[in-house]
Amino acid sequence: MMVSAENLTGVPDANTKPQGRGEIMSKNVRILKLHTQYKQGRYDKMCRKVPVLHLSGEWLKETGFHPGKIIHVHVENNCLTINAVES
């Protein structure tokens, strides 16, 4: 990850590319790649490409995201925030 004086948040620069299946920057930072999935509309039978994000691994369990856990995904200003919903 490249961190410049203008980018001290730990967010990777736009030109940083993930290597292999995902790059581990630290215990709580991952760089992942959006993949393509082809979806067919309910009424429009044309397939179209949509982005898909795969998150998996022991690191999720270690941070409290266990299988079956309900999560809340918040999108704002080009940022995804994922929080576990307390039951």
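Residues numbered from 1 in each chain as written. Predicted model: local features only at pLDDT ≥ 70, side-chain atom pairs only at ≥ 80, totals over all residues. Heavy atoms only, no water.

Caption draft 1: Fine view of the environment of I71. By the element assignment, I71 lies in strand β5 (residues 71–76). Spatially, the C-alpha atoms of I71 and E86 are 8.8 Å apart, while their sequence positions differ by 15 residues. Apart from the residues within four sequence positions on either side, I71 is in contact with F65, I82, N83, A84 and V85. (Helix = DSSP H or I, 4+ residues; strand = E, 2+ residues; numbered from the N terminus. Contact = heavy atoms within 4.5 Å.)

Caption draft 2: Up close: the environment of K49. Among the secondary structure elements, K49 is positioned in strand β4 (residues 47–52). Residue classification places K49 among the exposed positions, given a relative accessible area of 60%. Counting along the chain gives 13 residues from K49 to T36, while the straight-line C-alpha distance between them is 6.1 Å. Aside from chain neighbours lying at most four places away, what touches K49 is T36, Q37 and Y38. (Buried < 20%, exposed > 50% of the residue type's maximum accessible area, 1.4 Å probe, protein only.)

These values are about where atoms sit, not about what they do.
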